[in-house]
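One-letter residues, chain by chain:
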Amino acid sequence: MSTTASTIFFGQDGFRALDQYLVKKQPSKTFVLVDDNTSVCLPTFTSKLTALDVNFEILEIPAGEDSKSLELANQLWLTLLEYGADRNALLINLGGGVVGDLGGFVAATFKRGISFIQVPTSLLAMVDASVGGKTGINIGGLKNQVGTFSEPDLVVVDASFLSSLPQEEWESGHGEMIKHALLTGNDWPEVLNWTSKDDLQKEIQHSVAMKAKVVEADFKESGLRKILNLGHTFGHAWESLMRNTSDSVAHGRAVIQGLHVALVLSQEQELQAELAKRYTWTNVSTDDFEALWHYQMADKKNENAEVQFVLLESIGSPTFSNIVTLEDWSTALLWLNQSTDVE
Ligand SMILES: NC(=O)c1ccc[n+]([C@@H]2O[C@H](COP(=O)([O-])OP(=O)(O)OC[C@H]3O[C@@H](n4cnc5c(N)ncnc54)[C@H](O)[C@@H]3O)[C@@H](O)[C@H]2O)c1
């Protein structure tokens, strides 16, 4: 399976491909970037490779979104310089979306670009962040404002890394898998019922294939790739609101909340009811409507100061750039609130 330039391999095939890659490339120096949680994946990772240079360097960053910063990128560039990294150096990003986005950005810009490999360890990074070549950091409190479209040489997706992933983070990736199932109509409603106890290697492969197909057709997001934002217009607004008012919410849970809104706006109440059986709608106070609308207006994917949603004509048939009015959006939220009250 491949997106534009990079190649995605699964399970044992992935480690075999990486071994072959290392033998062929003979990097001048190999660096493995982890955060202080994903360092737990290092023994498994190294034990599955025979061609990894025993003198590889581990670069460890603090876990969490705050690490996707210019400060951390700068520290990593300087560390690469200190180790004498040249243009044939290799950076392997072993972690979730934060490690992948930051590491990808650092590699894509260091000495105008060195090779990097994505080895995702969170479910979200496996089915979403490591596929499609977007790298980036946050600035001024805004997400992904600086970055590149740069493909890794290889993506190695192995579900065995998920054994140490916290449940909340598992649900985060599950939200994106549910989104992919709604966009394609494949594996629905089975995907909704998967749990972290299931062996998901095959299902992860399906989900990745869906994203890879869309990315291949529209790498720079000028059209079709926008469908991947299903659930994200409201989801991002919900994430921002929760960050500023109370406990933060995991990205994938916010996307699920956004999927509820998108399904009601799509007149897909039956699908929404199915979704609600697994992940209930969290009631939204009418006092927060204004702030949420404001966040949606600020979404960088909007044009002409209008709020745009990805909607479904039916399951498997998404449409993008749909303008949604404040009135229709408020009605959808009130309907969702009331549907939860009735249960
Ligand atoms: N580049 C893209 O196309 C793209 C797409 C979607 C999301 N993203 C980005 O990805 C990030 C979210 O990704 P994420 O949810 O993986 O976040 P993350 O990298 O912060 O990982 C979530 C948490 O799980 C931990 N973790 C990851 N794998 C683990 C494992 N195997 N065992 C134990 N702990 C583990 C991490 O340390 C972290 O605490 C965001 O910054 C988002 O902007 C990028």
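Residues numbered from 1 in each chain as written. Predicted model: local features only at pLDDT ≥ 70, side-chain atom pairs only at ≥ 80, totals over all residues. Heavy atoms only, no water.

Reading across the sheet, the 6 strands line up as β1-β8-β5-β4-β2-β3 and stay open at both edges, with parallel pairing between neighbours. Strands with a single pairing partner mark the edges of an open sheet, and in this sheet they are β1 (7-10) and β3 (57-61). For this sheet, the mean inter-axis angle between neighbouring strands, taken without regard to orientation, is 20°. Contacts between helix α4 (residues 97-109) and the sheet are confined to β2 (30-35), β3, β4 (90-95) and β5 (115-120), with β4 contributing the most and set at about 165° to the helix. Set on the sheet, helix α8 (residues 201-217) makes contact with β1 and β8 (154-157); between it and β1 the angle comes to about 170°. (Pairing = 2+ DSSP bridges. Helix = DSSP H or I, 4+ residues; strand = E, 2+ residues; numbered from the N terminus. Axes fitted to C-alpha atoms, helices over the stretch in contact; angles between N-to-C directions. Contact = heavy atoms within 4.5 Å.)

This part covers the site of the ligand. Around the ligand, a shell composed of 25 residues is seen, among which D35, E65, G97, S122 and S164 lie nearest. Between the ligand and the protein, one listed contact pairs an oxygen atom with a side-chain N or O atom of K68 at 2.8 Å. K134 places a main-chain nitrogen or oxygen 3.0 Å from a nitrogen atom of the ligand. Protein chains shield 89% of the accessible area of the ligand, which is 850 Å² for the free molecule. Of all the secondary structure elements, the ones that give two or more residues to the shell around the ligand are α4, α5 (123-129) and β7 (142-149). The residue inventory of the shell around the ligand, partitioned by class, reads 8 nonpolar, 8 polar and 9 charged. (Near = heavy atom within 4 Å. Polar contact = N/O pair within 3.5 Å; in protein donor to acceptor, adjacent residues only side chain to side chain. Areas by Shrake-Rupley, 256 points an atom, 1.4 Å probe, with all protein chains shown as cover. Nonpolar A, V, L, I, M, F, W, Y, C, P; charged D, E, K, R; others polar.)

Interhelical geometry of helix α9 (residues 232-245) versus helix α12 (residues 289-297) gives an angle of 125° and a closest axis separation of 8 Å. Our classification of the angle between α9 and α12 gives oblique. Of the two elements, α9 crosses α12, and the hand of that crossing is right-handed. Facing T233, F234, A237, W238, S240, L241 and N244 of α9, the residues of α12 in contact are A291, L292, Y295 and Q296. Residue classes in the contact of α9 with α12 are distributed as 7 nonpolar, 4 polar and no charged. (Parallel < 35°, antiparallel > 145°, perpendicular 65-115°, else oblique. Left-handed = near helix turned anticlockwise from the far one by under 90°.)

What follows deals with the domain arrangement of the chain. Each assigned domain of the chain is listed here: domain 1 (7-165) and domain 2 (170-342). Listed by partner, the interface residues are 22 residues for domain 1 and 23 residues for domain 2. Regarding the contact of domain 1 and domain 2, the summed buried area is about 1,900 Å², with carbon and sulfur atoms giving 68% of it. Scanning the region where domain 1 abuts domain 2 turns up 1 salt bridge. In this structure, the salt-bridge partner of K211 is D128, at a minimum N-O distance of 2.7 Å. Linking domain 1 with domain 2 are 5 residue pairs in polar contact (both at pLDDT 80 or more), by the criterion used here. Elements represented by at least two residues in the side of domain 1 that touches domain 2 include exactly β1, α5 and β7. (Domains from an automatic or database assignment. Buried area = accessible area lost by both parts, 1.4 Å probe. Salt bridge = Lys/Arg side-chain N within 4 Å of Asp/Glu carboxyl O.)

Another aspect to go through is a nonpolar patch on the surface. On the surface, L70, I139 and V146 cluster together into a nonpolar patch covering about 210 Å² of accessible area. Structurally, the position occupied by V146 is in strand β7. Look at V146 and you get partly exposed, because its relative accessible area is 31%. (Patch = residues over 30% accessible without salt bridge, like charges linked within 9 Å, V, L, I, M, F, W, Y side chains within 5 Å. Buried < 20%, exposed > 50% of the residue type's maximum accessible area, 1.4 Å probe, protein only.)

As enumerated under the stated definition, the model contains 8 salt bridges in all. Linking R253 and E171 is a salt bridge whose minimum nitrogen-to-oxygen distance equals 2.8 Å. Taken together, the residues span a long stretch of sequence, with R253 in helix α10 (residues 251-265) and E171 in helix α6 (residues 167-184) at a distance of 82 residues. A relative accessible area of 27% places R253 in the partly exposed class. Using a relative accessible area of 17% as the deciding quantity, one classes E171 as buried. Put simply, E176 and K179 hold a salt bridge, and the shortest N to O gap is 2.9 Å. Remark: K179 and E176 occur in helix α6; sequence separation between them is 3 residues, near one turn of the helix.

Direction of pairing for strand β9 (residues 308-314) relative to strand β10 (residues 317-323): antiparallel, over a ladder of 5 bridges. The residue of β10 that forms the bridge with S314 is S317. Taking the residues that link successive antiparallel strands as the turn, the β9-β10 hairpin has 2 residues, and the phi of G316 there is positive, at about 90°.

Once that is clear, we can look at unusual backbone geometry. The peptide bond linking W188 to P189 adopts the cis configuration, its omega dihedral lying at 10°. Secondary-structure assignment places P189 in the loop between α6 and α7 (190-193). Residue K111 is not a glycine yet carries a positive backbone phi of 50°. Structurally, K111 is set in the loop between α4 and β5. What makes K111 partly exposed here is its relative accessible area of 37%. Of note in the backbone geometry, R112 takes a positive phi value of approximately 65° without being a glycine. Within the secondary structure, R112 is located in the loop between α4 and β5. Residue classification places R112 among the exposed positions, given a relative accessible area of 78%.

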